[in-house]
Protein chains: 4
Amino acid sequence: MKYPSFLILIALLWSGDANSQDHQHAYGKALTFPDIPGFKTLKCDLHQHTVFSDGEVWPSIRVMEALREGLDAISLTEHLEYQPHREDIPHPDRNRSYQLALEEARDHDLLIIHGSEITRNAPIGHSNAIFISDANALLDENAEVPFREAKKQGAFVFWNHPAWYAQNPDGNPILSDFQRTRIKNGELHGIEVINTFDYAEESLALALEHNLTIMGTSDIHGLIDWDYLEKGNHRPVTLVFAKERSARSLREALFEGRTVAVYNSLFVGRPEFLVPLLKACIKIHRVAYIPNTDILEVELENSSSSDLLFENQMGYTFYSKPPVFEIPAGKKILLQIKTLERKGKLDLRLKALGAYTAPKTQPVVTWELLPE
Amino acid sequence: MKYPSFLILIALLWSGDANSQDHQHAYGKALTFPDIPGFKTLKCDLHQHTVFSDGEVWPSIRVMEALREGLDAISLTEHLEYQPHREDIPHPDRNRSYQLALEEARDHDLLIIHGSEITRNAPIGHSNAIFISDANALLDENAEVPFREAKKQGAFVFWNHPAWYAQNPDGNPILSDFQRTRIKNGELHGIEVINTFDYAEESLALALEHNLTIMGTSDIHGLIDWDYLEKGNHRPVTLVFAKERSARSLREALFEGRTVAVYNSLFVGRPEFLVPLLKACIKIHRVAYIPNTDILEVELENSSSSDLLFENQMGYTFYSKPPVFEIPAGKKILLQIKTLERKGKLDLRLKALGAYTAPKTQPVVTWELLPE
Amino acid sequence: MKYPSFLILIALLWSGDANSQDHQHAYGKALTFPDIPGFKTLKCDLHQHTVFSDGEVWPSIRVMEALREGLDAISLTEHLEYQPHREDIPHPDRNRSYQLALEEARDHDLLIIHGSEITRNAPIGHSNAIFISDANALLDENAEVPFREAKKQGAFVFWNHPAWYAQNPDGNPILSDFQRTRIKNGELHGIEVINTFDYAEESLALALEHNLTIMGTSDIHGLIDWDYLEKGNHRPVTLVFAKERSARSLREALFEGRTVAVYNSLFVGRPEFLVPLLKACIKIHRVAYIPNTDILEVELENSSSSDLLFENQMGYTFYSKPPVFEIPAGKKILLQIKTLERKGKLDLRLKALGAYTAPKTQPVVTWELLPE
Amino acid sequence: MKYPSFLILIALLWSGDANSQDHQHAYGKALTFPDIPGFKTLKCDLHQHTVFSDGEVWPSIRVMEALREGLDAISLTEHLEYQPHREDIPHPDRNRSYQLALEEARDHDLLIIHGSEITRNAPIGHSNAIFISDANALLDENAEVPFREAKKQGAFVFWNHPAWYAQNPDGNPILSDFQRTRIKNGELHGIEVINTFDYAEESLALALEHNLTIMGTSDIHGLIDWDYLEKGNHRPVTLVFAKERSARSLREALFEGRTVAVYNSLFVGRPEFLVPLLKACIKIHRVAYIPNTDILEVELENSSSSDLLFENQMGYTFYSKPPVFEIPAGKKILLQIKTLERKGKLDLRLKALGAYTAPKTQPVVTWELLPE
């Protein structure tokens, strides 16, 4: 007999369930990140596989995984040219995985983005074309065709795992002439700086040098639970800062490079988006001097699902914490600042040690404090 | 990019992994049950589905799930007549799911049993034929054919979820004339008393009345992790008591009815197997009188992965525990028995409250105690 | 430097604390039991020790332990005649421990009951006199004096750990002539059936035979955290059913025997109080038939802090659960009853396997079900 | 009735206990730090209080707390001049707390150091004299006397919580003329840089400027479990690097300044001891290139009970980790270094972000790697 899959989801979310709390505990809660001024923050995993290429699950599972982890958008980017299950799934239509995901998501609030993975050996490598209208049209011997066709369809295209050692034995990405041309032609717009468990500083350097959108993806083939959640991790995601929560707005934001790639406590993005994001992650609750002292007590809450690591950059020292300290995901901490004299107003300045705006470059975030 | 699935398993089992301990904790360890005198205890889940019928995963996932939970044998019993994914997997060969599981299990120590689910509406209902040689031969309009053919192939056949309310609105199984004939003809040999989350006392009654082998199965369609593990449960299994750990021996044991169905703390089986199993689950470690008292201290260890619930049936009372007490899975407890005078030898007699040899009938298990 | 102890408590309860959740998890939450019709349910631990007899902490710690575990009333019952710390605390005033606890509790909502332990060897044994006005007046060579004096002061007196093997090598309590006389004289009113980790059925038998109030106490000397909480247990308590939450009302209830002794999942009490308590512990949330079936779904919530173990006593069987099942503390479960035909009204009848109204006698509790 | 306290300890350590595992889990294990070349690493908490000054427990509890947390040495430093419990413990002998701790520790492997807290208001403040022979001789109106007497007794003396805002409203320690004289006279040898939850960079600066031994202490008054363990923390300790595990050797090491103060992930000490300690904390397990790549895989194990936070200082980048990464206490991680070409030998260079050798100064630690 079979229970409809959405029932499993309901059972899971049913707070009264004798074990769901423990489950919540074991898994950490869903991914959570605040919006930033002017934009909605959309949690996206735009590089995934199912049985329709070399993955091991039906598209329905990908939809449920995304709902459980609280994502806003996913794309099932099956390899166009690599179909190891062809013998059993002799599907001529490369759009099928997308259609099945759409169907599964019909009654849920999840954006399904139509995508495909253009799969070539180095130096061309792998690239995802998302926001396409017909995957079949991307199939061609000539590697230039899928990129040209993707552009024709208005797709956003990004380079996958540039540092992958199977394609670069020293783990350093090399931008090929082919790719330089694609960029010149406006046929390549983004680059993965985080793929699966791996962050490559060199990929970030390329993103900045060639003005490519910064991406982070799970590239999942098996189960999100086995690869990430049960180890206490979340999947890597691309946070996209969109005018509204829609596919149209998401596409626009990607083309404009409004992203931050996140994997657990690692944040990678351009300062104009990463700094506001980190600033929004921390809520300032109470700012008051300890009676009869010049020590300012500040209650900070981390409203995100990532542990955040900071280093004091103020002229003042802390009373109870060392300069380097963590605010765990969803928790509050108390900071005691020795301001030497009572201040009416001052800036809390912290370097985010887990965040990068460029290789080895961590941003400093500032919050204005107004003591009671 | 893709990590070979066995790597995921290795990563998982790598004890050094920063989170694997917590994982172990969240999931409980693998299913563990001791052998009983004369037989190996094989942990089997012989009713499962994949994308080759109405399941949501590739057969490889079923193999990995089984390895993670420590099973000895599985069968992928795709519906012969119900193929909702036919449009994408237009497979004429009903043996394909079995072949793919075999391939995946090649390098692992897991028995893959060839099976299929014969799927009819009430009153015939659903039945699994396992240990078949060719599933395709079971396809026929006439419901009698698959049973006849299964017998010809030497299959062991059992009736699935007899109490399923979709087929019996009052949740009570009715043995149809069709099935009586199958039993008479030696074409039906077992019955599920536990399917998914459900135990039906009425199915147990039928098993005993018609001398059918007692079965417990997960009937999994989605993910074992979502339906069971993350809620703190294990999947239901059939413990089969086989002369050796082989498919041949497993088949023989099923035909001879040497089984106990287990779901977490629920045990259902014939007394000749259930009582030795429970007896073997409890190891007696230390039996000694507290100095200067007539109170006998007994250290009991539950070597199984199921919490075991007992009620005192001795003429003596306990010093520190109430008559009803639990020994958690894998843990030790200390029992203090007031024997009123020093005994050289006595029997520890406990009723297993979570075990059933017949509807509402719980077995009493005896261990001989020899005080130091 | 020193932080005032109440700050520790605040820090602990500060929900924002980075670790308090885990702490809550590790410790289980405070003890929780519902009121019963006509009475408030007061959680009391009326047998404890501090450095003022043979305990290892200052009275302030006992007050904080009680507040952390959510108790309503405690009594520090120092041994009158056993003062191993006399060399360092040469206190002539046996009321001192009480006074210090009162002081500590001044700003908290906790009832401090004035008590002392009258300490003799067998056959007289140990007894607690609580609700006394002056402990010093109970000091006397002659064992009859403290009992007579306690009665004069209006004290409620109960016999401690009657089965303690240090005083009864076979672990069986013997009611001495001395005690029979005390009972006859109205100088002994209660008896511990649970002390520390130990429940004695024979003590319960004595309580019923001699109409003594049923008591459960921790008799703590060290730390509640080390002896109970960190092992996943709560301390034993006496639930007292009082007209209001006051010392006066608590005393009255004890004299009238309105108590249930509880240790984790073990409940011991007279049926007139134990049955209403168990009935109140379970909230019935939703009662509705599964569409197109005769299976009634009932959502049950355990509102207490004790896991509750039940066995089905209805004429009907369950669809998904075995006859014996647990409702974990604070959790909900779904019961599916096969009523064979649609009922407008029926009784849910369950035996509480962890509850005793007499040795080996478990009560059956009934809840009326009105299907939607 | 009472269970001897050592039984509680045994019960706790009894690995078979149904809940001890969870307990271990909830509490984290004992404090663990490796020895460094030439020295044994002794875990010491040399500033604690009991009921004999303003603490809330008997000395026996302090001994058990220390054993449970795996300490090597403790000192009960009662305030000489502040005895809030004098009314109940009118003890003229200030050595009593030490004697009772000695007694309790008789059968355990724990060093009990005789100490007292010299308690004055600012600018003199509080100081601990340990390794004294008679505390009573330190009692005097004149603040110079206890220091002179302590020196006469061969005591090691350190300044307590110099930054405490109750004595310095701006939280900055000021070294008074009185203290300068004590240092000049060889009557003051150490300084707390960590006290309770507080680390003061300014105290570290003073330690370095005046060549004082760096100390970290809990200054516990209540319960270690409530203030530290249940929040997921360990108490602050002073790691003392002694020639052997003896009081004599411990004293010598303190006078020679061979210490590191540790509170959870915070390490404060002189580079000559802090760097070898951090180096010893990390065991290098396997160093091998990934086949067909120039990526060197290094398995690192953190053998300490503190999570360790590092930042890459090599010329090479990592394949899978960002430059800033953590190795959780007792866990292993896999580092993948892109060495660009195959190396026969190279240095792993990491900055320890949670460690300080001077205010805002973090040490770089080097490990030699020899690829297989």
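Each residue is numbered by its place in its chain's sequence as written, counting from 1. Working convention: letters from A go to chains and numbers from 1 go to ligands, in the order in which they are written. Local features in this predicted model are restricted to residues whose pLDDT is 70 or higher, and side-chain atom pairs enter the listing and the counts only when it is 80 or higher, whereas totals over whole chains, interfaces and linings include all residues. Just so you know, side-chain values use all the structure's heavy atoms and leave hydrogens and water out.

### Here's the deal with the pairing of strand 2 (residues 73-76) of chain B
Residues and elements named next belong to chain B.
- Burial along strand 2 is two-sided: Ala73 and Ser75 facing one way and Ile74 and Leu76 facing the other are all buried.
- Note on pairing: DSSP must find at least two bridges between two strands before they are called paired. Secondary structure counts use DSSP, requiring at least four H or I residues in a row for a helix and at least two E residues in a row for a strand, with both numbered from the N terminus. Relative to strand 2, strand 1 (residues 40-48) runs parallel, the two sharing 3 bridges. Directly across from aspartate 45, in strand 2, lies its bridge partner isoleucine 74.
- Strand direction decides the pairing type here: strand 2 and strand 4 (residues 111-113), joined by 3 bridges, are parallel. Pairing of serine 75 across the sheet is with isoleucine 113, part of strand 4. Only protein chains enter the accessibility calculation, which uses a 1.4 Å probe; a residue is then buried when its area is under 20% of its type maximum, exposed when over 50%, and partly exposed in between.

### A few points about the UniProt feature "domain: Polymerase/histidinol phosphatase N-terminal" (unreviewed entry) in chain A
- The feature "domain: Polymerase/histidinol phosphatase N-terminal" (unreviewed entry), as annotated in UniProt, sits at residues 44-122 of chain A in this numbering.
- The span residues 44-122 of chain A shows a helical share of 25% and a strand share of 24%, and its end C-alpha atoms are spaced 27 Å apart. UniProt positions are given in the numbering used here, feature names are shortened, and annotations may be inferred rather than shown by experiment.

### Section: the sheet that holds strand 19 (residues 346-352) of chain A
All names here are of chain A.
- Pairing is antiparallel across the open sheet formed by 4 strands, whose spatial order is 17-16-19-21. The open sheet has two edge strands with one neighbour each: strand 17 (324-327) and strand 21 (364-369). The sheet shows a mean angle of 40° between the axes of neighbouring strands, taken without regard to direction.
- Across the face of the sheet, helix 10 (residues 271-281) comes into contact with strand 16 (308-312), strand 19 and strand 21 while running at roughly 45° to strand 21. Here an axis means a line fitted to C-alpha atoms, over the contact stretch when the element is a helix, while the angle between two N-to-C directions is reported on a 0 to 180 degree scale. Here, residues are in contact when the closest pair of their heavy atoms is within 4.5 Å.

### Examining helix 7 (residues 201-209) of chain D
- Along helix 7 of chain D, the residues classified as buried are Glu201, Glu202, Ser203, Leu204, Leu206 and Ala207 of chain D.
- Immediately downstream of helix 7 of chain D, the backbone of asparagine 211 of chain D shows phi near 50°, a positive value.

### Digging into the sheet that holds strand 4 (residues 111-113) of chain C
All names here are of chain C.
- One open sheet accounts for 7 strands, arranged 4-2-1-11-12-13-20; its pairing is mixed. Here the strands that pair on one side only, and so sit at the sheet edges, are strand 4 and strand 20 (355-356).
- Judged from the 5 bridges that link them, strand 1 (residues 40-48) and strand 11 (residues 237-242) form a sheet pairing that is antiparallel. When the bridges of strand 11 are listed, threonine 41 appears paired with phenylalanine 241.
- Across the sheet, helix 4 (residues 96-105) touches strand 2 (73-76) and strand 4, and the angle it forms with strand 4 is around 175°.

### Some points on the relation of the copies chain B and chain C
- Alignment of copies: least-squares fit on C-alpha atoms of residues with pLDDT of at least 70 in both copies. Mapping chain B onto chain C calls for a rotation angle of 180° and an axial translation of 0.0 Å; the resulting RMSD is 0.0 Å. The superposition operator between the copies reduces to a two-fold rotation axis.
- Of all interface residues in chain B, 100% are interface residues in chain C too; the two copies therefore contact each other through one and the same surface.

### A short note on the packing of aromatic side chains
- We call Phe, Tyr and Trp rings a pair once their centres come within 6.5 Å, taking the six-membered ring for Trp, and we label the pair stacked below 30 degrees between planes, edge-to-face above 60, and tilted otherwise. Per the stated rule, a full pass over the model turns up 52 aromatic pairs over all chains.
- Each ring, one from tyrosine 165 of chain B and one from tyrosine 319 of chain C, has its centre 5.1 Å from the other, and the planes form 50°; the classification is tilted. Here tyrosine 165 of chain B is found in the loop between strand 7 (156-159) and helix 6 (177-184), whereas its partner tyrosine 319 of chain C is found in the loop between strand 16 (308-312) and strand 17 (324-327) on a different chain.
- With a relative accessible area of 4%, tyrosine 319 of chain C lands in the buried category.
- A ring pair is formed by phenylalanine 156 of chain D and phenylalanine 158 of chain D, whose centres lie 6.1 Å apart and whose planes are at 40°; its orientation type is tilted.

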